[in-house]
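Observations on the model geometry
What follows is each chain in one-letter form.
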Amino acid sequence: KVDPCEGEILAVLHFNTSAASIVAFATHRGIHSWDLRCAFEPFYLDLRPEYGHITSMAVGNDRNWVVAGSNRGYLALWDVTTTAAYSMSSWHPYGSYHHSRYSRHLG
């Protein structure tokens, strides 16, 4: 269930894997996912507030990566190959180069 404090849905995408049919949607706080086959959230991808809010997103052809663009000009790339952890890298195409990398356990 999404907290109403997260605001409206800003972007939506759908993709299939061999085991799931995933709808991913962005709010002001990050990207939620929902497996349509079992009503389960396989991953939640957090975007730090200083990067802005997500305005667009896409999934890689191999279904292992999600990339999102923000209203502040950042690109965020997540590896979603495992439900245990993910990594995120962010770049800003204008001005100074900014890079952040961290991992988070997804319970």
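Quick note: structure is the one above.
So, a few notes on the structure that sits alongside this text.

Points about the overall build of the chain
Within the chain, the regular secondary structure consists of zero helices and nine strands. For the chain, the α and β elements follow one another from N to C terminus as β-β-β-β-β-β-β-β-β. Looking at the chain as a whole, 37% of its 107 residues are labelled buried. The contacts in the chain between residues at least 6 apart in sequence include a share of 25% that link residues at least 24 apart.

Topic: the pattern of salt bridges
A full pass over the atoms with the stated rule returns one salt bridge. Of the charged contacts in the structure, one is a salt bridge between E50 and R48, with a shortest N-O distance of 2.8 Å. You can call R48 partly exposed: its relative accessible area is 26%.

Things to note about the sheet that holds strand β1 (residues 11–16)
Within the open sheet, the four strands sit side by side as β1-β2-β3-β4. Their pairing is antiparallel. Two strands lie at the open edges of the sheet, namely β1 and β4 (44–46), each paired on one side alone. Strand-to-strand twist in this sheet, taken as the mean axis angle between neighbours without regard to direction, amounts to 15 degrees. Strand direction decides the pairing type here: strand β3 (residues 30–35) and β4, joined by three bridges, are antiparallel. Paired with I31 across the two strands is L45, which belongs to β4.

Structural notes on the environment of L75
Looking at the element boundaries, L75 is found in strand β7 (residues 75–79). According to the relative accessible area criterion, L75 is partly exposed, its value standing at 42%. When the C-alpha positions of L75 and Y51 are compared, they lie 8.8 Å apart, and in sequence the two are 24 residues distant.

Brief notes about unusual backbone geometry
Positive phi, normally seen in glycine, also occurs at A39, with a value near 55 degrees. Assignment of secondary structure puts A39 in the loop between β3 and β4. Notably, R63 is not glycine yet its phi reads approximately 65 degrees, a positive angle. You can see R63 is positioned in the loop between β5 (54–59) and β6 (65–70).

Comments concerning the packing of aromatic side chains
Under the defined criterion, the tally for this structure stands at one aromatic pair. Plain terms: the ring middles of Y51 and Y74 are 4.8 Å apart, the flat faces sit at 55 degrees to each other, and that makes the pair tilted. In this pair, Y51 is assigned in the loop between β4 and β5 and Y74 in the loop between β6 and β7, connecting sequence segments 23 residues apart. Y74 carries the same exposure label as Y51, and that label is buried.

Thresholds applied
- Residues numbered from 1 in each chain as written.
- Predicted model: local features only at pLDDT ≥ 70, side-chain atom pairs only at ≥ 80, totals over all residues.
- Heavy atoms only, no water.
- Helix = DSSP H or I, 4+ residues; strand = E, 2+ residues; numbered from the N terminus.
- Buried < 20%, exposed > 50% of the residue type's maximum accessible area, 1.4 Å probe, protein only.
- Contact = heavy atoms within 4.5 Å.
- Salt bridge = Lys/Arg side-chain N within 4 Å of Asp/Glu carboxyl O.
- Pairing = 2+ DSSP bridges.
- Axes fitted to C-alpha atoms, helices over the stretch in contact; angles between N-to-C directions.
- Phe/Tyr/Trp six-rings, centres within 6.5 Å; stacked < 30°, edge-to-face > 60°.

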